[in-house]
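In case you want the letters, here they are:
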Amino acid sequence: KLKKILMLDALPYSLGLEGSDGRFEVVLPRNTKTPVKSTRRFFTSRDFQPALTIDMFEGEDDVARNNHWIGYHNLIIPRGKHYLAGERSMNVVFEITSEGILIVKGEVPDEELTCCEMDDSEDSARMFRMSILLVTLIILYITLKMSTSNERDL
């Protein structure tokens with residue numbers, strides 16, 4: 001007899017971000033079991049760069065823009081002396097909780113900058129509102145078409 005069953009959730013696609021060269025930098029590979037937390041270090045690509053912009057994607061293509069765009073976040077680099085390209089680094093942390101919430105943080109040594117939490121329920125609510133808006137627009141279009149066709153017949 002089977003006494004215990006443990007079901008684990010896994011990522012259907014790789015999660016990552018767009019590097020400065022446009023390539024897809026995988027942070028969490030496909031089939032990674034959740035909950036999970038992974039950190040990657042990235043360096044500034046311009047002199048005196050004030051922030052690190054993270055464009056997040058899910059997919060398997062080597063080119064970031066060919067994957068599904070999830071969102072973007074700006075991580076402010078703490079002020080201090082002026083840094084040239086490649087001199088300042090930031091750890092980008094991708095974490096998926098057991099509830100399926102994606103948390104992305106930027107960490108600088110001795111400092112932490114939290115930028116976002118993404119929840120599937122937020123996406124579902126937004127999609128629901130968009131579908132109601134679309135249905136309303138279709139009904140309005142049909143009503144206007146019918147009223148203009150009736151006026152022509154008179």
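See the structure above.
The sections below set out a description of the structure shown in this document.

Calculation rules
- Residues numbered from 1 in each chain as written.
- Predicted model: local features only at pLDDT ≥ 70, side-chain atom pairs only at ≥ 80, totals over all residues.
- Heavy atoms only, no water.
- 1 Å grid on protein atoms, 1.4 Å probe; cavity = no way out; pocket = protein on both sides within 12 Å on 5 of 7 lines; lining within 4 Å.
- Points joined across faces, edges and corners; volume = space filled by probe spheres on them.
- Helix = DSSP H or I, 4+ residues; strand = E, 2+ residues; numbered from the N terminus.
- Nonpolar A, V, L, I, M, F, W, Y, C, P; charged D, E, K, R; others polar.
- Core = buried A, V, L, I, M, F, W, Y, C linked by side-chain atoms within 4.5 Å.
- Buried < 20%, exposed > 50% of the residue type's maximum accessible area, 1.4 Å probe, protein only.
- Contact = heavy atoms within 4.5 Å.
- Patch = residues over 30% accessible without salt bridge, like charges linked within 9 Å, V, L, I, M, F, W, Y side chains within 5 Å.
- Areas by Shrake-Rupley, 256 points an atom, 1.4 Å probe, with all protein chains shown as cover.
- Salt bridge = Lys/Arg side-chain N within 4 Å of Asp/Glu carboxyl O.
- Pairing = 2+ DSSP bridges.
- Axes fitted to C-alpha atoms, helices over the stretch in contact; angles between N-to-C directions.

Some words on the layout of surface pockets
Point 1. By volume, the second largest pocket amounts to about 300 Å³.
Point 2. Around the second largest pocket sit 16 residues that line it, and Ser20, Ser45, Gln49, Leu52 and Thr53 are the ones nearest its centre.
Point 3. With four residues, strand β6 (residues 51–59) is the single largest residue contributor to the lining of the second largest pocket.
Point 4. Residue composition of the lining of the second largest pocket, by class: eight nonpolar, five polar and three charged.

Here's the deal with the nonpolar core
Point 1. Leu28, Val92 and Phe94 are the most contacted members of the largest nonpolar core, which has 19 residues in total.
Point 2. Looking at this core, the elements that each hand over two or more residues are β2 (14–18), β3 (24–28), β5 (36–43), β6, β8 (89–96) and β9 (102–108).
Point 3. When residues of this core are assigned to their parent elements, the largest contribution, four residues, is made by β8.
Point 4. The contacts of Leu28, once residues within four sequence positions are left out, are Leu11, Tyr13, Ser14, Leu15, Val36, Ser38, Phe94 and Ile96.

Structural notes on a nonpolar patch on the surface
Point 1. A cluster of nonpolar side chains, contributed by Met130, Leu133, Leu137, Leu140 and Leu144, occupies part of the molecular surface with about 500 Å² of accessible area.
Point 2. Mapped onto the secondary structure, Leu144 falls in helix α1 (residues 120–153).

Regarding the sheet that holds β3
Point 1. Judged by pairing direction, the sheet is antiparallel, and its four strands sit side by side in the order β3-β2-β6-β7 without closing on themselves. Looking at the sheet topology across the chains shown, the edges are occupied by β3 and β7 (68–76). The mean angle between the axes of side-by-side strands here comes to 30 degrees, regardless of whether they run parallel or antiparallel.
Point 2. Strand direction decides the pairing type here: β2 and β6, joined by four bridges, are antiparallel. Across the sheet, Leu17 pairs through a bridge with Met56, a residue of β6.

Some remarks on empty space enclosed by the protein
Point 1. The full count for this structure, using the stated rule, is one cavity of 30 Å³ or more.
Point 2. Together, Phe42, Phe43, Thr44, Leu52, Ile77, Arg88, Ser89 and Met90 line the largest cavity.

Any functional reading would require information beyond the geometric quantities listed.
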